[in-house]
Amino acid sequence: MPTTVRRRCPPAPRAPRLRHVPRGDGRLTHEIDPDDKRPQDACGVFGVWAPGEDVAKLSYYGLYALQHRGQESAGIAVGDGKAILVYKDMGLVSQVFDERTLSSLVGHVAVGHCRYSTTGSSRWENAQPTLAPTTEGTIALGHNGNLTNSHELADIIARRSEGVSRDAVMRGNTTDTALITALLGSHPDASLEDAAVDDLALLRGAFSLVFADESTLFAARDPQGIRPLVLGRLERGWVVASETAALDIVGASLVREIEPGELVAVDRGGLRTRRFAPAEPRGCLFEFVYLARPDTRISDRSVHAARVDVGRRLAVEHPAEADMVIPVPESGTPAAVGYAEASGIPFGSGLVKNSYVGRTFIQPSQTIRQLGIRLKLNPLREVIEGKRLVVVDDSIVRGNTQRALVRMLREAGATQIHVRISSPPVKWPCFYGIDFATRAELIANGLDTEEIRRHIGADSLGYISLEALTESTHVPAGLLCRACFNGEYPVALPDEALRGKHALEQPALPLDDPADAAAAPGPAQPMLGQQEPVDAADGLPVLVGGAGGGDALSRP
Ligand code: SF4
């Protein structure tokens, strides 16, 4: 009798359980190495008052011109005299808005914002413009900068709002911007304009604000004027923007900068200006180095011209015997042009940048990981082979980028590499709206130039002096904030416990964005003076981590 043999198949191997990772978002980024981020700007703001114009589209193009100042979220609020409508979402300006959404935003006054988070996580709730009710209607507000006294503002709001505890105020407002909006909304028995004159005097730190109610556009700048803000004129209206480049793009002519400590209001009665605090100008020097667009003007000085001039001075301060000057594209280009001009060494393009490599959450394979900065930069072997190079970059944060770059250029045949940096060593973090690495991560905090040169593996390394950089801006040193270079902060800093991107959030608040999670405090860096480890890949000393690991100024 036949028997049926039942064969048991061996169990199929179980597929490894995949960890959930968010999809790549394809966002444009200028970072060469995501683990060695350059200082990130805090936001771009734009406002327009122009009856008869399509204010939503003007705002869209204004924000488009300011995209480099914030790439995490974007929003536009429009008022039509009766109501304010706001539309905001995570992503680039071009991802957030389309014809349909823009055509639904109808009115004569608009406020726009593109965000990079410096206070509060990168999440929809923290996208701007923020909204709050006022005694007469609604306020929509966009903010560039960082306050240093947010916790005091929460106390004031709680005192003004009967029956609302301070904790409740903090729970509802996890960014300094939301607190400013709530503060203006909580002012008793006053028009928004009068409330602003009173309340803006209570703020400390950096704030370039653009806000509106249903009918009126407002713009204000902190007494130090740390972050930029300019006023422009349209044929039938007024525009305010973080940078003059945004005025150019919407066809507005530059009128002037909003003055430090000034509040400007625009409505059917015309443009009015009031002062809420005396001006004590201390504009951000780093805007000239890297943050602002090269086609922007700050303090009547072209940013591009200032950067070329820095390159010329760099050639005088740190000459080199070389065959070619190449920039690290694109931020090193103007200074490289200046260096080549002043030194007589030919300028060349030795590195090609892939501008369309987006921010991605795809976990790279080991093979791809080893490519490192090659994903973003590719050397032109036929240009650099056998040459002694001067390589010009705008700043060094952790040094990882420059180390990988030097190694890549040597592999491509460069015989000598002289690195020149168009800013002085960055030793101190910024508390006024620029997201730097922590102080412990800043390589220049604790390592001198020779130690950094050894770490990056260059034949020589030279930074522009603070004096020469300052002179290139044509702005007197006493009118600039230079704190990230010299540690002299023009506005008092909050207590250590109250500093940092997540200082206003509840401890249990989950971090949506891996970038935020990465920014949270990590294990201590190795300290200078410990036994010097050597990188197995390139034989160079591993010196990352300055002496400031335990410094009170470190911040998440
Ligand atoms: S600390 Fe540096 S980046 Fe921050 S405002 Fe001052 S100069 Fe600018």
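Bear in mind that the values here come from a model prediction, so they are computed numbers and not experimental data.

Visitor: Sorry, what's going on with helix α14 (residues 400-411) here?
Guide: Helical geometry note: an α-helix holds 3.6 residues per turn, so side chains three or four residues apart project in the same direction. Look at α14: 17 Å from first C-alpha to last across 12 residues, which is about the 16 Å you get at 1.5 Å a residue. Taken residue by residue, α14 has Thr 401, Gln 402, Arg 403, Leu 405, Val 406, Met 408 and Leu 409 as its buried positions. Immediately downstream of α14, the backbone of Gly 413 shows phi near 110°, a positive value.

Visitor: Can you help me understand the site of the ligand in this one?
Guide: The local shell around the ligand consists of Ile 226, Arg 227, Cys 284, Leu 285, Phe 286, Cys 430, Tyr 432, Ile 434, Phe 436, Cys 481, Ala 483 and Cys 484. Class assignment for the residues of the shell around the ligand results in 11 nonpolar, no polar and 1 charged.

Visitor: Looking at this structure, how should I read the sheet that holds strand β11 (residues 237-241)?
Guide: Sheet strands pair via backbone hydrogen bonds, and the direction of the pair is either parallel or antiparallel. With antiparallel pairing, 7 strands are arranged side by side in an open sheet as β4-β3-β5-β2-β11-β10-β12. At either margin of the open sheet sits one strand with a lone partner, and together these are β4 (84-90) and β12 (253-257). Taken pair by pair, the neighbouring strands of this sheet meet at an average axis angle of 15°, ignoring direction. Two elements, strand β10 (residues 230-234) and β12, share 4 bridges in a ladder whose sense is antiparallel. Paired with Arg 233 across the strands is Ser 253, a residue of β12. With respect to the sheet, helix α1 (residues 55-65) is in contact with β2 (43-49), β3 (73-79), β5 (109-115) and β10, its orientation differing from that of β2 by roughly 155°.

Visitor: Mind showing me how you'd approach the packing of helix α4 (residues 150-160) against helix α6 (residues 176-186) here?
Guide: Axis angle and axis distance: for two packed helices, these are the angle between their axes and the distance between the axes, and together they describe the pair. Where α4 contacts α6, the two axes come as close as 10 Å, and the packing angle between them is 30°. Accordingly, the angle class assigned to the pair α4 and α6 is roughly parallel. Crossing handedness for the pair α4 and α6: left-handed. In this structure, α4 contributes Ser 150, Leu 153, Ala 154, Ile 156, Ile 157 and Arg 160 to the contact, and α6 contributes Asp 176, Leu 179, Ala 182, Leu 183 and Ser 186.

Visitor: Looking at this model, I keep getting lost on the nonpolar core. Mind explaining?
Guide: Burial of nonpolar side chains together is a common tendency in soluble globular proteins. Among the nonpolar cores identified, the biggest contains 46 residues, and Phe 286, Val 325, Tyr 339, Val 390, Tyr 432 and Phe 485 are the most heavily contacted of them. Elements represented by at least two residues in this core include exactly α9 (286-291), α10 (303-317), α11 (333-343), β22 (388-393), α16 (466-473), β25 (480-481) and α17 (483-486). In terms of nonpolar packing, the next biggest core, distinct from the first, is built from 30 residues, Ala 158, Val 197, Phe 211 and Ala 220 among them.

Visitor: Before we go on, may I ask you to explain the pairing of β10 in this structure?
Guide: A regular strand places its side chains on the two faces of the sheet in alternate fashion. Here β10 lies mainly inside the structure; 4 of its 5 residues are buried. Bridge analysis of β10 against β11 gives 5 bridges, and the strand direction is antiparallel. By the bridge assignment, Gly 232 is partnered in β11 with Val 239. Where β10 hands over to β11, the hairpin turn is made up of 2 residues, counted between the paired strands.

Visitor: For this particular structure, what's the right way to read a nonpolar patch on the surface?
Guide: A contiguous nonpolar patch, built from Tyr 61, Tyr 64 and Ile 249 and spanning about 320 Å² of accessible area, is present on the exposed surface. Of note, Tyr 61 is situated in helix α1.

About the criteria used
Residues numbered from 1 in each chain as written. Predicted model: local features only at pLDDT ≥ 70, side-chain atom pairs only at ≥ 80, totals over all residues. Heavy atoms only, no water. Helix = DSSP H or I, 4+ residues; strand = E, 2+ residues; numbered from the N terminus. Expected span 1.5 Å × (residues − 1). Buried < 20%, exposed > 50% of the residue type's maximum accessible area, 1.4 Å probe, protein only. Near = heavy atom within 4 Å. Nonpolar A, V, L, I, M, F, W, Y, C, P; charged D, E, K, R; others polar. Pairing = 2+ DSSP bridges. Axes fitted to C-alpha atoms, helices over the stretch in contact; angles between N-to-C directions. Contact = heavy atoms within 4.5 Å. Parallel < 35°, antiparallel > 145°, perpendicular 65-115°, else oblique. Left-handed = near helix turned anticlockwise from the far one by under 90°. Core = buried A, V, L, I, M, F, W, Y, C linked by side-chain atoms within 4.5 Å. Patch = residues over 30% accessible without salt bridge, like charges linked within 9 Å, V, L, I, M, F, W, Y side chains within 5 Å. Areas by Shrake-Rupley, 256 points an atom, 1.4 Å probe, with all protein chains shown as cover. Salt bridge = Lys/Arg side-chain N within 4 Å of Asp/Glu carboxyl O.

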